[in-house]
Amino acid sequence: MKKIQFLIGASSLGSGKTTLAMGLMRALSRKGFTVQPFKCGPDYIDTRHHFAATGRSSVNLDTFLSTDSHLKELYSRYGSTADACVIEGTMGLYDGYAIDKGSSADTAMLLDLPVILVVKSKSVAYSVGPILYGLKNFRPGLKIAGVIFNFVSSEKHYALLKQAAEAVGVRSLGYLKQESALEIPVENLGLNIDEEFCFNEFADLIASAMESTVDIDKIIDICTQEFTESEPQPKVPRGPLKISVARDEAFNFYYEENIKALRRYGKVTFFSPIHDNELPETDFLYLPGGYPELHLPELTANKRMMTSIRAYCENGGKVLAECGGMIYLSQSVIDKDGVKYDMAAVLPRSVTLDGVKLTMGYRKVVTPQGDIWRGHEFHYSKLLPGPDSDLSYKVYNAKDELCDSDILRVKNVIATYIHIYWGDSEKLPFDF
C-alpha cells in the first residue's frame, strides 16, 4: 500500500514549520485526502493546530520519551486509516536532545521518510545555496525531497532562491510570501494559546496561499511511497477503574496516547474545573498541564469544584497533577501583576508567575521502587519556598545529570512540573 508521507524539517527555529505544516495539511485535505498529522518531540501546542487543520488528533513522535519500536508502531497505527501522513519536525532539522539525537532528521531516518525543508528566506537570496547544501549532505542517507522557501518578498527574490537550490541539487517546491496575515501571532507559539484566534480559518488562508505558489501536486508525486501496516493490536479487556481527566480551556496539554493507555484501566470521563460543579465519581484523577494562569479568576470562582477535588485528595484519592494541574492544587498563585488567587490548597506550596523565566527540558524520573518515567518540562512559573519536595524521587535531565525538578507528594497525590509519557508502558505512572 502506498501513501503520501513526509516530514517537514527546518533550517532553524522560527522558520515557519507550523504555518507551512497547517497549510500543507489543509491543502491535502481540500484535495480529498484524509490526513493524519504527527509532531516530532514533546510539543502539545502544535498538535492542537494540526487538529484544527485536519480534524484528526495529532500524535507525538519522540525518541526520548519512547522506544524506537513504539514510535514506529504509533506511526503505522495512526497512519493506517489515512491517505497522507504529515509530520511536523521540531526546532532545526538536526537539533536534538543530545546533539542531533532525537532530532527531526533522526525521526525521518527511523521511519524512512522524505523531508521537505522549510527555509526562512528573509534577508537572504543566492547565499541560501550553501545552507541547502549543508542540510542535504550533512547526514548521508537522509532523503531531502525538496525545499519550500518562507518569508519571500517577491517573484525576483524567489527566482534567486530557486537558482541557488538548483545549483546544489535540491528541488524547489515553491514559496510562501512574506505577509503578516500568513504568520501565526507570536503569542500563540509556546507562550499561550489565544482562544479567539481562529486556526480553522487560518489553515484555509495558508492553504489558499500555498496552492498558488507551492507545487502541491509535485509534493504528492515525490512523497508517495510504500506504507508499512502495523500488526493488529490484541484487544485488552478494560479495567474497572473510574478515571477522571480535566479538560477545558485551562487544562488541555496531554499526549493522545496517554489517554488511550488510561482506557485500558477503566472508563475515562472528562470534566471541567472551570465549568463543572463537582468531581465525577473517581478512582484515579489526572490533572494535566495547560494554561490555568490564563483562567485564574474563573478557576478561583468555582469554589464548589475546588472543594470537591480537595475532599477527594484528603480522603486518599489517587491523583497525578502535572504542571498546570500542580498549579491548580497549590495554595495560591501570584500572577505577573502581583495579584494573588486562591487555589485548591491540596499541596503545601504556592506558585508565582512574577518575573519568572522559561524552564524547559527532557526529564527522567527514578521512583523509590526503581521505575523510570520519562517526560518533559515547559513552564513560565515556579514554586515558592515551602516544605521540601519528596527527595525519594530522583530527577535527571537528558544528559543524565541530576536536576532540581520538584516532585511533591501529599497522601496519594503526586504533583510535578514534568509532563510524563506513559503510552509506551504497561503500567500507570509512579506507584499507582
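Residues numbered from 1 in each chain as written. Predicted model: local features only at pLDDT ≥ 70, side-chain atom pairs only at ≥ 80, totals over all residues. Heavy atoms only, no water.

*Asks:* Is there a simple way to explain the pattern of salt bridges in this structure?
*Replies:* Where charged atoms from two side chains of opposite charge approach closely, those side chains can pair. According to the stated counting rule, one finds 15 salt bridges in the structure shown. The shortest N-O distance in the salt bridge between Glu88 and Lys39 comes to 3.3 Å. Residue Glu88 is found in strand E4 (residues 84-88), and its partner Lys39 is found in strand E2 (residues 35-40); the two are separated by 49 residues along the sequence. You can call Lys39 buried: its relative accessible area is 4%. The partner of Glu377 in a salt bridge is Arg363, and the shortest N-O contact between them spans 2.8 Å. One end of the pair, Glu377, is in strand E19 (residues 372-379); the other, Arg363, is in strand E18 (residues 359-366), with 14 residues separating them in the sequence. (Salt bridge = Lys/Arg side-chain N within 4 Å of Asp/Glu carboxyl O. Helix = DSSP H or I, 4+ residues; strand = E, 2+ residues; numbered from the N terminus. Buried < 20%, exposed > 50% of the residue type's maximum accessible area, 1.4 Å probe, protein only.)

*Asks:* Is there a simple way to explain the packing of helix H1 (residues 17-30) against helix H7 (residues 199-213) in this structure?
*Replies:* Where H1 meets H7, the closest approach of the two axes is 7 Å, and the angle between their N-to-C directions is 80 degrees. The orientation of H1 relative to H7 falls into the category roughly perpendicular. Residues Thr19, Leu20, Met22, Gly23, Leu24, Arg26, Ala27 and Arg30 of H1 form the contact with H7, whose own contacting residues are Phe199, Asn200, Phe202, Ala203, Asp204, Ile206, Ala207, Ser208, Met210 and Glu211. By residue class, the composition of the contact of H1 with H7 is 10 nonpolar, 4 polar and 4 charged. (Axes fitted to C-alpha atoms, helices over the stretch in contact; angles between N-to-C directions. Parallel < 35°, antiparallel > 145°, perpendicular 65-115°, else oblique. Contact = heavy atoms within 4.5 Å. Nonpolar A, V, L, I, M, F, W, Y, C, P; charged D, E, K, R; others polar.)

*Asks:* So what exactly am I meant to see when it comes to the sheet that holds strand E21 (residues 394-396) here?
*Replies:* Within a beta sheet, neighbouring strands are joined by backbone hydrogen bonds and run either parallel or antiparallel to one another. Ordered by their spatial adjacency, 4 strands build an open sheet running E21-E18-E19-E24, and the pairing between neighbours is antiparallel. A strand with exactly one partner marks an edge of an open sheet, and here the two such strands are E21 and strand E24 (419-421). The sheet shows a mean angle of 35 degrees between the axes of neighbouring strands, direction not considered. When E18 meets E19, the two strands line up antiparallel, connected through 8 bridges. What sits directly across from Lys364, in E19, is Arg374. (Pairing = 2+ DSSP bridges.)

*Asks:* Explain the sheet that holds strand E20 (residues 382-383) to me, please; I cannot follow it from the model alone.
*Replies:* Across the sheet, which stays open at both edges, the 4 strands sit in the order E16-E15-E17-E20 with mixed pairing between neighbours. Only two strands of the sheet have a single neighbouring strand rather than two, namely strand E16 (340-342) and E20. Both strand E15 (residues 332-334) and strand E17 (residues 351-352) contribute to a ladder of 2 bridges, which runs parallel. The residue bridging Ile334 from the neighbouring strand is Thr352, located in E17.

*Asks:* Help me understand the nonpolar core, please; the structure alone is not making it clear to me.
*Replies:* Generally speaking, soluble globular proteins have nonpolar side chains that are buried together. Counting 47 residues, the largest nonpolar core has Tyr75, Ile87, Leu93, Leu132 and Phe149 as its most contacted members. Among the nonpolar cores identified, the runner-up in size contains 35 residues, and Leu287, Met305, Tyr328 and Tyr341 belong to it. (Core = buried A, V, L, I, M, F, W, Y, C linked by side-chain atoms within 4.5 Å.)

*Asks:* So what exactly am I meant to see when it comes to the confidence of the model for the chain here?
*Replies:* Do not read the fine detail of predicted coordinates wherever pLDDT is low. Residue-level pLDDT values for the chain average 92, and 97% of them are 70 or greater. Ignoring residues within four places in sequence, the model shows residues 187-192, a span with pLDDT below 50, making 18 contacts including any to other chains. (pLDDT = per-residue confidence, 0-100.)

*Asks:* How should I be thinking about the packing of aromatic side chains in this particular structure?
*Replies:* One pair of aromatic rings is described through two measures. These are the centre distance and the angle between the planes. A full pass over the atoms with the stated rule returns 16 aromatic pairs. Judged by centre distance (5.0 Å) and plane angle (40 degrees), the ring pair of Phe38 and Tyr75 falls under tilted. With Phe38 in strand E2 and Tyr75 in helix H3 (residues 68-79), the pair connects residues that are 37 residues apart, well separated along the chain. Look at Phe38 and you get buried, because its relative accessible area is 0%. Of the residues examined, Tyr75 reaches a relative accessible area of 5% and is grouped as buried. Here the aromatic rings of Tyr44 and Phe253 are separated by 4.9 Å at their centres, their planes lie at 25 degrees, and the arrangement is stacked. With Tyr44 in the loop between E2 and helix H2 (46-54) and Phe253 in strand E10 (residues 251-253), the pair connects residues that are 209 residues apart, well separated along the chain. Ring pairs connect the aromatic residues Tyr44, Phe253, Tyr255, Tyr291 and Tyr421, which therefore count as one cluster. (Phe/Tyr/Trp six-rings, centres within 6.5 Å; stacked < 30°, edge-to-face > 60°.)

*Asks:* Sorry if this is basic, but what is going on with the packing of H1 against H2 here?
*Replies:* Where H1 contacts H2, the two axes come as close as 8 Å, and the packing angle between them is 25 degrees. When the interaxial angle is binned, H1 and H2 end up roughly parallel. Seen along the crossing, H1 lies across H2 with a hand that is right-handed. Facing H1, whose interface residues are Thr18, Ala21, Met22, Met25, Arg26 and Ser29, H2 presents Asp46, His49, His50, Ala52, Ala53 and Thr54. Tallied by class, residues from the contact of H1 with H2 come to 5 nonpolar, 5 polar and 2 charged. (Left-handed = near helix turned anticlockwise from the far one by under 90°.)

*Asks:* When you look at the side chain of Ser405 in this model, what are you seeing that I'm missing?
*Replies:* Note that Ser405 resides in the loop between E21 and strand E22 (407-410). You can call Ser405 buried: its relative accessible area is 14%. One polar contact links Ser405 to Arg363, side chain to side chain, over a distance of 3.0 Å. If we ignore the near neighbours within four places in the chain, the residues touching Ser405 are Arg363, Glu377, Val395 and Ile418. (Polar contact = N/O pair within 3.5 Å; in protein donor to acceptor, adjacent residues only side chain to side chain.)

*Asks:* Can you help me understand the environment of Asp406 in this one?
*Replies:* Note on placement: Asp406 falls in the loop between E21 and E22. Here the alpha-carbon distance between Asp406 and Gly386, two residues 20 residues apart in the chain, equals 11 Å.

*Asks:* Explain the pairing of E22 to me, please; I cannot follow it from the model alone.
*Replies:* Pairing analysis gives 4 bridges linking E22 to strand E23 (residues 413-416), with the strands arranged antiparallel. Each residue of the ladder has a partner; that of Leu408, found in E23, is Ala415. Hairpin geometry of E22 and E23 is characterised by an intervening segment of 2 residues between the two adjacent antiparallel strands and by a positive phi of about 55 degrees at Lys411.

*Asks:* Even after reading the chapter, I still don't get the environment of Ala203, so can you show me in this structure?
*Replies:* Relative to the assigned elements, Ala203 resides in helix H7. The exposure class assigned to Ala203 is buried, which follows from its relative accessible area of 0%. Sequence separation between Ala203 and Ala27 is 176 residues, and the spatial gap between their C-alpha atoms is 8.6 Å. Those residues within four positions of Ala203 in sequence are excluded, and the remaining contacts are Met22, Gly23, Arg26 and Ala53.

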